[in-house]
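Descriptive analysis of the structure
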Amino acid sequence: MNETAERRSTKNVRAFLRDLPKTELHLHLEGSLEPEMLMHLARKNRVDIPFRSVEEIRAAYRFTELRSFLDIYYQGMNVLCGEEDFYDLTMAYLKRAAADGAVHVEVFYDPQGHTARGVPIAAVTDGILAALADGREQLGITSLLILCILRHLPEDDGFATFRQAEPWIADGRIAGLGLDSTEKGNPPGKFLRLFAAAREAGLKLVAHAGEEGPAVYVADTLDVLGVDRIDHGNRALEDPALVRRLAERGITLTVCPLSNLRLCGVTDMRHHPLKRMLDAGLKVTVNSDDPSYFGGYLLDNYVAVAEALELGRHDLVALVRNSIEGSFLEGPVKQAHLGRIERVLETGG
Ligand code: ADE
Ligand code: ZN
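Summary of the structure given here. Everything numeric in this text was worked out from a predicted model, so none of it was measured.

Cut-offs applied
Residues numbered from 1 in each chain as written. Chains lettered and ligands numbered in written order. Predicted model: local features only at pLDDT ≥ 70, side-chain atom pairs only at ≥ 80, totals over all residues. Heavy atoms only, no water. Helix = DSSP H or I, 4+ residues; strand = E, 2+ residues; numbered from the N terminus. Rg over C-alpha atoms; globule rule 2.2 N^0.38 Å. Buried < 20%, exposed > 50% of the residue type's maximum accessible area, 1.4 Å probe, protein only. Contact = heavy atoms within 4.5 Å. Areas by Shrake-Rupley, 256 points an atom, 1.4 Å probe, with all protein chains shown as cover. Pairing = 2+ DSSP bridges. Axes fitted to C-alpha atoms, helices over the stretch in contact; angles between N-to-C directions. Donors = N, O, S within 2.8 Å, 3.2 Å for Na, K, Ca; no water. Tetrahedral: all angles 85-135°; square planar, octahedral: opposite > 155°, others 65-115°. Near = heavy atom within 4 Å. Polar contact = N/O pair within 3.5 Å; in protein donor to acceptor, adjacent residues only side chain to side chain. Left-handed = near helix turned anticlockwise from the far one by under 90°. Nonpolar A, V, L, I, M, F, W, Y, C, P; charged D, E, K, R; others polar.

**Considering the overall build of the protein**
The helix and strand tally for the protein stands at 18 helices and 8 strands. A compact globule built from 349 residues would reach a C-alpha radius of gyration of about 20 Å, and the protein, at 19 Å, matches this within 12%. With respect to the principal axes defined by its C-alpha atoms, the protein has extents near 55 × 45 × 40 Å. For the protein, buried positions account for 56% of its 349 residues. Nonlocal contacts in the protein, meaning residues at least 24 apart in sequence, comprise 76% of its contacts between residues at least 6 apart. Just so you have it, the protein exposes about 14,300 Å², and 50% of that area is on carbon and sulfur atoms.

**Points about the sheet that holds strand β5 (residues 204-209)**
As summarised here, the arrangement of the 8 strands in space is β1-β2-β3-β4-β5-β6-β7-β8, forming an open sheet in which the pairing is parallel. Because the sheet does not close on itself, it has two edges, and the strands there are β1 (22-28) and β8 (283-286). Each adjacent strand pair in this sheet contributes to an overall mean axis angle of 25°, direction not counted. Against the sheet, helix α16 (residues 298-308) engages β1, β2 (102-109) and β8, with an angle of about 105° to β1.

**Some details on the coordination of the zinc ion (ligand 2)**
On the protein side, the zinc ion (ligand 2) has H26 (NE2), H28 (NE2), H208 (NE2) and D289 (OD) as donor atoms, found 2.0 to 2.2 Å from it. The site at the zinc ion (ligand 2) holds 4 donor atoms, and with the angles between them running 84 to 174°, its shape is irregular. Sequence positions of the residues that donate to the zinc ion (ligand 2) give the spacing H-x1-H-x179-H-x80-D. Of this pair, H26 sits in strand β1 while H208 sits in strand β5, placing them 182 residues apart in sequence. For H26, a relative accessible area of 0% gives the class buried.

**Topic: helix α11 (residues 215-223)**
Here α11 has its buried residues at A215, Y217, V218, A219, T221 and L222. Residues of α11 that are buried make contact with β5, β6 (229-232) and α12 (240-249).

**Here we look at the site of ligand 1**
Lining the immediate environment of ligand 1, one finds H28, L66, F69, L70, Y73, D180, S181, H208, E211, H232, D289 and D290. In this structure, a nitrogen atom belonging to ligand 1 sits 3.4 Å away from a side-chain N or O atom of H28. In the model, a nitrogen atom of ligand 1 is placed 2.8 Å from a nitrogen or oxygen of the S181 main chain. Alone, ligand 1 offers 260 Å² of accessible surface; in the complex the protein occludes 100% of this. No other element matches the 4 residues that helix α4 (residues 66-77) contributes to the shell around ligand 1.

**Describing the pairing of β1**
Taking burial as the measure, the 7 residues of β1 include 7 buried ones, the bulk of the element. Sheet topology places β1 next to β2; 5 bridges connect them, and they run parallel. Counted as the bridge partner of E24 is V105 from β2.

**Some details on the packing of helix α5 (residues 83-99) against helix α7 (residues 121-139)**
Any two packed helices are characterised by the angle at which their axes cross and by the distance between the axes. Contact geometry of α5 with α7 gives a least axis separation of 7 Å together with a crossing angle of 35°. In terms of crossing hand, the pair formed by α5 and α7 is right-handed. From α5, E83, F86, Y87, T90, M91, L94, K95 and A98 reach across to α7, where they touch A123, V124, D126, G127, I128, A130, A131, L132, D134, G135, Q138 and L139. Per-class residue counts for the contact of α5 with α7 are 12 nonpolar, 4 polar and 4 charged.

**Section: the packing of α11 against α12**
Close contact between α11 and α12 brings their axes to 11 Å; oriented N to C, the two are set at 35°. Between α11 and α12 the crossing geometry is left-handed. Facing A215, V218, A219, L222 and D223 of α11, the residues of α12 in contact are L242, R245, L246 and R249. Residues that form the contact of α11 with α12 fall into these classes: 6 nonpolar, no polar and 3 charged.

**Considerations on the environment of I174**
Note that I174 resides in the loop between α9 (166-170) and β4 (176-180). Taking the C-alpha atoms as reference points, I174 and L145, separated by 29 residues in sequence, lie 5.2 Å from one another. With residues up to four places along the chain from it excluded, the contact list for I174 reads Y109, T125, L145, L147, A165, W168, I169 and L203.

**Things to note about unusual backbone geometry**
Unusually for a residue other than glycine, H232 sits at a positive phi of about 80°. With respect to the helices and strands, H232 occurs in strand β6. Accessibility expressed as a relative area gives 0% for H232, which makes it buried. Backbone geometry places E310, a non-glycine residue, at a positive phi of 50°. Looking at the element boundaries, E310 is found in the loop between α16 and α17 (313-325).

Below, the structure written as structure tokens:
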């Protein structure tokens, strides 16, 4: 394809995907902290950072694996201090998601990354929830909030956070419990009691698995923690029996292509396993994970795989459908969004 034709085709794919009603199911709010906001908040809150400019911050975003990213990610979130900071962070993300054609998002936050610095969990949670409510009203984007537990910390620390979050769990404004941070060496079984308690409390359950950890972590996340959805799940492909089980049970996997590329899980987007996962019958979705750090929001992730893997409309629509079906929305709302996909396709998508 010559350059002009290539540009035109990129534009068409982007416009086509933009119009389809999508959800985003794997997004860390702290990972949407853009360098400009990071710099601004560091100055406002008088937090020392080892960067003098936005360019220096961007230059530091070169990662070799998950751990090298997490070091920078935890350092970055230190500039978030007051309720209004969490509001602004969340609102900025919602505007980007809405501009990408997302109709619904299920977002993660890491309270332990803030309470350990003395920021009250109420400032964090209320700031985020206020923005989610305004996003619903002002942007028409619906949302659910998922509290993530840091798996490199002891389970007891996670339990303490779970208890601190009780007021928002009780009133339903925290909808789910997730598990993130360093996967290797922190197997799912470490959080067995906490996930059982969260299930008892009526929370939806999700957990990162198979991002860097082996296929057995994906199996144990399903069997031991009893999750409703797996975040990433890429390495499940190493176990064909597990793949069949995930496919038969219709377990949604929240795959994050640009994240996998930037954290060196894949060396080239053309080798990304997403197409193989789809072809194996897995319920794969596309998500941005930590868009500020990985160079792209929701639509950028769709376009990246569409082009690199030469996905046709059939696969792209399947990914968007999976994102609606794999969400924690109520059945009739899912049906309404699925109906909108059909209408977009009928009216010249
Ligand atoms: N926290 C933020 N992003 C993460 C990722 N990609 N994996 C594990 N923990 C995370
Ligand atoms: Zn993640």
